[in-house]
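Architecture at a glance
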Protein chains: 2
Amino acid sequence: MALPFFYTEKLSQTGGRLALDGATSRHISQVLRMKKGDSIILTDGKGKRCRAVLQEQTKKECVVDIDREVLDIPPLKPRLTIAISLLKNASRFEWFLEKAAETGINAIVPLICERTERVHFRMERMQHILVSAMLQSQQCWLPEIAMPTPFNEWVVQTGVPHRYIAHCIQGEKMKLSRAAGSPGETAICIGPEGDFSVTETEWALQHRFVPVSLGDTRLRTETAGVAAAVLLRIG
Amino acid sequence: MALPFFYTEKLSQTGGRLALDGATSRHISQVLRMKKGDSIILTDGKGKRCRAVLQEQTKKECVVDIDREVLDIPPLKPRLTIAISLLKNASRFEWFLEKAAETGINAIVPLICERTERVHFRMERMQHILVSAMLQSQQCWLPEIAMPTPFNEWVVQTGVPHRYIAHCIQGEKMKLSRAAGSPGETAICIGPEGDFSVTETEWALQHRFVPVSLGDTRLRTETAGVAAAVLLRIG
């Protein structure tokens with residue numbers, strides 16, 4: 001059975017002692033009931049992965065000895081960014097985050113589009129979901145997540161070679177599956193349940209976004225996001 | 001704005017009166033506050049779709065006049081079946097059902113595998129989720145869902161030309177994206193969180209299932225199910 005796998009921000013040196021955060025420490029002590037000498041695996045979410053051995057346990061924290069050998073795992077390529085409208089139903093947006101992390105998306109940008117239904121965005125919670133999903137899927141790269149960004153601004157800021165917009169307005173669209181496997185950074189934007197407006201779509205086209213189709217059925221926003229992740233990363 | 005879209009089992013004739021079920025009637029009267037003469041769209045989940053005009057409303061039910069012109073929409077092809085292990089976390093399984101319906105999967109078979117964590121299966125609830133997802137995505141074909149089936153039996157019963165098994169055991173596997181677009185009925189099976197056992201995998205291979213890969217990251221069961229649906233239907 002695989003060793004327990006945890007996340008720590010502070011994995012910057014090889015060897016030496018490291019105090020784990022409160023939640024991780026509690027899980028190790030109270031749930032897994034691990035003892036001095038037991039091993040775990042750690043990642044810093046930036047590609048580093050190493051073994052660590054439990055040394056001390058107090059009620060508040062665990063201290064581990066980090067192995068001298070620290071693996072440096074490269075991020076998945078090509079670099080994929082999914083920009084996706086926030087959703088009023090927070091759990092749907094969180095499902096998308098989890099699935100985007102599982103499939104190995106490098107970056108997520110929550111978008112505020114014309115028809116986005118505003119909702120309170122809790123960065124700490126979003127990070128927690130991404131960390132859990134990263135660990136669950138045994139990965140060592142934590143997807144980056146931006147603060148909610150107005151769509152028009154994001155379109156202008158994005159400088160990647162391959163840019164796609166998935167919208168439901170009639171018109172010529174390429175199947176996204178054709179884009180899969182192209183080398184080079186890729187970004188795709190997904191609109192709210194009410195779709196992008198005509199103005200937003202034209203703004204994206206002016207900035208060289210290519211309209212793409214995600215199939216013949218009408219997908220919810222979070223489903224479209226997962227479909228895009230699957231087609232670009234796995235397809 | 002699109003007319004309200006509802007499901008009714010009993011759409012067997014063109015024209016004539018039809019009493020809608022309780023839940024639909026309540027939604028029409030109390031939520032949408034529709035009146036005599038207002039129009040809705042109906043589907044029977046078997047490809048039929050037509051307009052209907054509200055005639056009578058009582059506290060308990062609504063009666064509509066069905067349009068003479070009933071569309072007969074063919075099911076999506078090729079016919080796709082996803083057989084997938086039941087999950088202890090029911091909401092994850094239900095999330096998969098919803099996404100499978102949205103993407104246009106024709107049939108779902110809940111599997112009982114060696115490592116499936118047993119859970120109470122409520123067919124009525126599963127049907128309700130599939131109906132909602134079908135209506136939300138504007139489709140007219142309700143995915144079929146079988147009762148939970150032991151994996152070994154399902155493998156023997158399945159007679160489709162293209163059969164795939166997605167497992168995590170080391171070995172040669174084809175990328176599922178390569179299978180997308182092949183004409184002819186297709187079925188894929190997805191195992192529980194603990195994966196299929198070696199015995200189960202060998203049983204499938206003996207029955208001409210082809211091992212496939214769903215990418216390089218470790219996916220949860222429901223994520224693998226949605227990935228398979230996306231790759232086969234949209235890819």
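None of the values given here were measured: they were computed from a predicted structure.

**Comments concerning unusual backbone geometry**
With omega at 0°, the peptide bond leading from K77 of chain A into P78 of chain A counts as cis. Mapped onto the elements, P78 of chain A comes out in the loop between β5 (62–72) and β6 (80–85).

**Regarding a nonpolar patch on the surface**
On the surface, a nonpolar cluster with roughly 240 Å² of combined accessible area is contributed by L71, I73 and W141 of chain B. Along the chain, the position of I73 of chain B falls in the loop between β6 (71–72) and β7 (80–85).

**What about the interface of chain B and chain A?**
Of the residues lining the interface, 28 residues belong to chain B; the matching set on chain A comes to 27 residues. Buried surface at the junction of chain B and chain A, summed over both partners, amounts to about 2400 Å²; 62% is from carbon and sulfur atoms. Among the residues chain B hides against chain A, the three largest losses belong to W95, E102 and I234 of chain B. Together they make up 24% of the total. At the junction of chain B and chain A, the tally comes to six salt bridges. The shortest N-O distance in the salt bridge between E98 of chain A and R220 of chain B comes to 3.8 Å. Our enumeration of links across chain B and chain A arrives at twelve residue pairs in polar contact (both at pLDDT 80 or more). The element contributing the most residues to the side of chain B that touches chain A is helix α2 (residues 90–103) of chain B, with seven residues. A breakdown of the residues in the side of chain B that touches chain A according to their chemical character gives nine nonpolar, ten polar and nine charged.

**A short note on the relation of the copies chain B and chain A**
Of the transformation superimposing chain B on chain A, the axial component is 0.0 Å and the angular component is 180°, with the fit at an RMSD of 0.0 Å. The symmetry that links the two subunits is that of a two-fold axis. Most of the interface of chain B is mirrored in chain A: 96% of its interface residues are interface residues there too.

**As for the pattern of salt bridges**
In total, this model carries 24 salt bridges over all chains according to the counting rule given. Across the salt bridge formed by R79 of chain A and E185 of chain A, the nearest N and O atoms sit 3.5 Å from each other. Of this pair, R79 of chain A sits in the loop between β5 and β6 while E185 of chain A is found in the loop between β11 (174–175) and β12 (186–190), placing the two residues 106 residues apart along the sequence. Assessed through its relative accessible area of 34%, E185 of chain A is described here as partly exposed. Of the charged contacts, one joins K99 of chain B and E222 of chain A as a salt bridge, the two residues approaching to 2.6 Å between their closest N and O atoms. One end of the pair, K99 of chain B, is in helix α2; the other, E222 of chain A, is in helix α6 (residues 221–233), on a second chain. Note on accessibility: K99 of chain B and E222 of chain A belong to one class, buried.

**Observations concerning the packing of α6 of chain A against helix α6 (residues 221–233) of chain B**
Where α6 of chain A contacts α6 of chain B, the two axes come as close as 9 Å, and the packing angle between them is 75°. Classified by the interaxial angle, the pair formed by α6 of chain A and α6 of chain B is roughly perpendicular. Of the residues in α6 of chain B, those touching α6 of chain A at V226, A227, V230 and L231 of chain A are V226, A227, V230 and L231 of chain B. Here the contact of α6 of chain A with α6 of chain B is built from residues that sort into eight nonpolar, no polar and no charged.

**What about the sheet that holds strand β4 (residues 48–57) of chain A?**
Residues and elements named next belong to chain A. What the five strands build is an open sheet, ordered β1-β3-β4-β5-β2; its pairing is mixed. What marks the edges here is a single partner per strand, and that holds for β1 (5–7) and β2 (17–19). For this sheet, the mean inter-axis angle between neighbouring strands, taken without regard to orientation, is 40°. Note: strand β3 (residues 39–43) against β4, five bridges, orientation antiparallel. Paired with L42 across the strands is C50, a residue of β4. In the packing of helix α1 (residues 22–31) onto the sheet, the strands contacted are β1, β3, β4 and β5, and the crossing angle to β1 comes to about 160°. Packed on one face of the sheet, helix α3 (residues 123–136) meets β1 and β3 and runs near 150° to β1.

Quick notes on the rules
- Residues numbered from 1 in each chain as written.
- Chains lettered and ligands numbered in written order.
- Predicted model: local features only at pLDDT ≥ 70, side-chain atom pairs only at ≥ 80, totals over all residues.
- Heavy atoms only, no water.
- Helix = DSSP H or I, 4+ residues; strand = E, 2+ residues; numbered from the N terminus.
- Patch = residues over 30% accessible without salt bridge, like charges linked within 9 Å, V, L, I, M, F, W, Y side chains within 5 Å.
- Areas by Shrake-Rupley, 256 points an atom, 1.4 Å probe, with all protein chains shown as cover.
- Salt bridge = Lys/Arg side-chain N within 4 Å of Asp/Glu carboxyl O.
- Contact = heavy atoms within 4.5 Å.
- Buried area = accessible area lost by both parts, 1.4 Å probe.
- Polar contact = N/O pair within 3.5 Å; in protein donor to acceptor, adjacent residues only side chain to side chain.
- Nonpolar A, V, L, I, M, F, W, Y, C, P; charged D, E, K, R; others polar.
- Least-squares fit on C-alpha atoms with pLDDT ≥ 70 in both.
- Buried < 20%, exposed > 50% of the residue type's maximum accessible area, 1.4 Å probe, protein only.
- Axes fitted to C-alpha atoms, helices over the stretch in contact; angles between N-to-C directions.
- Parallel < 35°, antiparallel > 145°, perpendicular 65-115°, else oblique.
- Pairing = 2+ DSSP bridges.

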